[in-house]
Amino acid sequence: MKKNKYEIDMCHGSIMDKLISFSFPLMCSSILQLMFNAVDIIVVGRYNGSQALAAVGATTALISIFTNFFIGISLGANVLAARYFAAGRDKEMSEAVHTAITLALVSGIAMVFVGLGLSRFALELMGTPGDVIDQSALYLKIYFMGMPFFMLYNYGAAVLRAVGDTKRPLLFLAASGMTNVVLDLLLVIVIPLGVAGVAIGTVASQMISCILVMRCLYRSEGSYQLRFSRLALKPFYLKRIFQVGIPAGVQSTVINLSNAMLQSSVNSFGSVAMAGYTAANNIMGFLYAAVNAVTQACMSFTSQNYSVGEQKRMDRVLLDCAVLSAGVAAVIGTGAYVFGPQVLRLYTSEAEVIQCGLEVLSITTVPYFLCGIMDLIPGALRGMGHSGVPMVLSIIGTVGVRILWIYVFFPHHRSLFFLFISYPVSWIATILMQVVCYYFVRKACIRHLRNRQAF
């Protein structure tokens, strides 16, 4: 099945080494992107002060809410493309790819108008302090101008991941990220545009990564080759993308709504706490990037093996992914806890901001392997085409616990440390429910595999 050096044969041979070969470039891509995003925060915090740092940080949860629904849908494109690719159904693969890219373009354009129209209103709903809301709204409006580029890159990268290619997206992000760093330094230090300069740099870097991934798909010789004249929203493939993607997008959006509510609780402590949370949240982003890379591998490997009826191999994929995810999270999480003070000093020199960041890190980093396991099981279920039930359980376990924590327990113990205890508590609750779900869905899938060909 493997046709070029970038593709991975997920259905034959050893598993762990291929999981690492798939996950490591994807992990590096995500971490590299976060490092470039961290440069945004570091530059604006160092050269424009804690208010500017808080202003950028206040937008994080909102950006996630607005974008993650469509990014979740891209998982549907990944699963569909992986199945067609493994089964050698070239015509269907091509039509699915063109439908996915068209969907990315349409959703990206829609997000421009949503972001421009609702940015300030949403910030006001979150209780963003008056001393930072103007800068936050400006940052959001500029950021959302780059949504078409952002969406096209992510959907294009989802297609490449479906065939095992995580190496070229890493190179594309490296090129766009370096552009982002140069523009940050130019537009914040040399030309003092503040948060606007950081936003402009981000949009420009998204445009470069978009161009590179579209060029890659255009020049590909396989069934996922892109031709702009064939772009169309074909209902047959759109429906199948939505079957997996919409529940994943809804889950991600609702979870980020709970994070926005948590951001509102952080906002109640003032701009110093907001700045500390911004820095700590950026560090936690590196942890999430590491475990999410393994989740993406689990989904792609499960989807390909499900399409060819490799039941035992699917089970081994989940087991190996659990070992890999827990190991990576334990190492990086412990490192983030031990070296937290030193890392936070990269973001700011203000002692009060660092102390607030340490409060957040002290309860979220070491147990972060739980988050990896929590996301891994839904990833395997999506690979088998089941996305609805894990969505509901994730919302109940993650969002439900955090809302309960924010409104029932937190008012009686007001501290950042106590607020963020809700993270590991919600992870444990969700894992317990997802394990039960996986047991029953797996039994149903085994029966299904015995009586049909994939899709």
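The structure presented is a predicted model; accordingly, all values stated were derived computationally and were not measured.

Caption draft 1: Here's a closer look at the overall build of the chain. Looking only at helices and strands, the chain has 17 helices and zero strands in total. For a compact globule of 455 residues, the expected C-alpha radius of gyration is about 23 Å, and the chain comes in at 21 Å, within 12% of that figure. Along the longest, intermediate and shortest principal axes, the C-alpha atoms of the chain span 60 × 45 × 35 Å. Going through the 455 residues of the chain one by one, you find that 60% of them count as buried. Sequence-distant contacts in the chain: of pairs separated by 6 or more residues, those separated by 24 or more amount to 85%. Element-wise, carbon and sulfur atoms account for 67% of the exposed surface of the chain, whose accessible area totals about 17500 Å².

Caption draft 2: Just the packing of helix 10 (residues 271-307) against helix 14 (residues 369-383), in detail. Interhelical geometry of helix 10 versus helix 14 gives an angle of 25 degrees and a closest axis separation of 8 Å. On the basis of their axis angle, the class for helix 10 and helix 14 is roughly parallel. With respect to the hand of their crossing, helix 10 and helix 14 are arranged in right-handed fashion. Here Tyr288, Val291, Val294, Thr295, Cys298, Met299, Thr302, Ser303 and Tyr306 of helix 10 come into contact with helix 14, specifically with Gly372, Asp375, Leu376, Gly379, Ala380, Arg382 and Gly383. Each residue belonging to the contact of helix 10 with helix 14 can be placed in one class, and the counts come to eight nonpolar, six polar and two charged.

Caption draft 3: Looking closely at empty space enclosed by the protein. Within this structure, the stated rule accounts for two cavities of 30 Å³ or more. Taken as a whole, the second largest cavity encloses approximately 40 Å³ of empty space. Together, Gln311, Met314, Asp315, Met384, Tyr438, Arg442, Cys445 and Ile446 line the second largest cavity. Put simply, the parts of the chain that give the lining of the second largest cavity at least two residues each are helix 11 (311-338) and helix 17 (422-449). It is helix 17 that contributes the most residues to the lining of the second largest cavity, four residues altogether.

Caption draft 4: Representation of the layout of surface pockets in the model. Here the largest pocket is characterised by a volume of approximately 190 Å³. For the lining of the largest pocket, the secondary-structure elements that each account for two or more residues are helix 3 (60-87), helix 4 (90-125), helix 9 (235-267) and helix 15 (388-409). For the lining of the largest pocket, the element with the highest residue contribution is helix 9, accounting for five residues. Of the residues assigned to the lining of the largest pocket, the class counts are eleven nonpolar, two polar and no charged.

Caption draft 5: Spatial organisation of the nonpolar core. Ranked by internal contacts, the top residues of the largest apolar core, which has 110 residues, are Met151, Tyr155, Tyr224 and Phe420. If one sorts the elements of this core by residue count, helix 3 sits on top with 13 residues. Excluding its chain neighbours within four sequence positions, the residues that come into contact with Met151 are Thr67, Phe70, Ile71, Ala104, Ser107, Gly108 and Met111. Counting 30 residues, the second largest nonpolar core, distinct from the first, contains Met10, Cys298, Ala380 and Cys445.

Caption draft 6: Representation of the side chain of Asp184 within the structure. With respect to the secondary-structure elements, Asp184 resides in helix 7 (residues 167-190). If we skip the residues at most four places from it in the chain, Asp184 touches Phe36, Val39, Asp40, Val43, Ile189, Gly197 and Val198.

Caption draft 7: Fine view of the side chain of Ser422. Looking at where Ser422 falls in the secondary structure, it is placed in helix 17. For Ser422, a relative accessible area of 0% translates into the label buried. A polar contact of 2.8 Å, which involves the side chain of Ser422, links it to the backbone oxygen of Leu419. Apart from residues no more than four positions distant in its own chain, Ser422 is found in contact with Leu262, Val401, Arg402 and Trp405.

Caption draft 8: The arrangement of the pattern of salt bridges in detail. The final tally for this structure, using the stated rule, is eight salt bridges. When the shortest N-O distance is used, the salt bridge between Arg89 and Glu92 registers 3.6 Å. Notably, a salt bridge pairs Lys91 with Glu95, separated by 3.0 Å at the nearest N-O pair. Residue Lys91 and its partner Glu95 are located together in helix 4, separated by four residues, close to a single helical turn.

Caption draft 9: Structural detail: the state of the cysteines. What the rule picks out here adds up to zero disulfides. Cys11 forms no disulfide, and the closest cysteine sulfur to it belongs to Cys298, at a distance of 14 Å. We classify Cys11 as buried; its relative accessible area is 6%.

Caption draft 10: Quick peek at the environment of Ala329. Here Ala329 lies in helix 11. In contact with Ala329, not counting residues within four places along its chain, are Leu287, Val291, Thr334, Tyr368 and Phe369.

Caption draft 11: Spotlight on the environment of Met111. Secondary-structure assignment places Met111 in helix 4. With 33 residues separating them along the chain, Met111 and Phe144 place their C-alpha atoms 6.8 Å apart. In this view, Met111 contacts Phe66, Thr67, Phe70, Phe144, Met147 and Met151; residues no more than four positions away in its chain are not counted.

Caption draft 12: Structural detail: the packing of aromatic side chains. Tallied over the full model, the rule gives 16 aromatic pairs. Ring centres 5.4 Å apart and planes at 80 degrees place the aromatic pair Phe69 and Phe70 in the edge-to-face group. Given the relative accessible area of 25%, Phe69 is considered partly exposed. Feature note: the residues Tyr277, Tyr368, Phe420, Tyr423 and Trp427 constitute an aromatic cluster, connected by ring pairs.

Caption draft 13: Spatial organisation of the environment of Thr102. Summarising the element assignment, Thr102 is placed in helix 4. By relative accessible area, Thr102 is classed as buried at 12%. Spatially, the C-alpha atom of Thr102 lies 25 Å from that of Leu140, the residues being 38 residues apart in sequence. Residues contacting Thr102, with those up to four places away along its chain left out, are Leu231, Ala232 and Leu233.

Conventions we followed
Residues numbered from 1 in each chain as written. Predicted model: local features only at pLDDT ≥ 70, side-chain atom pairs only at ≥ 80, totals over all residues. Heavy atoms only, no water. Helix = DSSP H or I, 4+ residues; strand = E, 2+ residues; numbered from the N terminus. Rg over C-alpha atoms; globule rule 2.2 N^0.38 Å. Buried < 20%, exposed > 50% of the residue type's maximum accessible area, 1.4 Å probe, protein only. Contact = heavy atoms within 4.5 Å. Areas by Shrake-Rupley, 256 points an atom, 1.4 Å probe, with all protein chains shown as cover. Axes fitted to C-alpha atoms, helices over the stretch in contact; angles between N-to-C directions. Parallel < 35°, antiparallel > 145°, perpendicular 65-115°, else oblique. Left-handed = near helix turned anticlockwise from the far one by under 90°. Nonpolar A, V, L, I, M, F, W, Y, C, P; charged D, E, K, R; others polar. 1 Å grid on protein atoms, 1.4 Å probe; cavity = no way out; pocket = protein on both sides within 12 Å on 5 of 7 lines; lining within 4 Å. Points joined across faces, edges and corners; volume = space filled by probe spheres on them. Core = buried A, V, L, I, M, F, W, Y, C linked by side-chain atoms within 4.5 Å. Polar contact = N/O pair within 3.5 Å; in protein donor to acceptor, adjacent residues only side chain to side chain. Salt bridge = Lys/Arg side-chain N within 4 Å of Asp/Glu carboxyl O. Disulfide = S-S within 2.5 Å. Phe/Tyr/Trp six-rings, centres within 6.5 Å; stacked < 30°, edge-to-face > 60°.

Treat this as a map of the structure, not an account of what it does.
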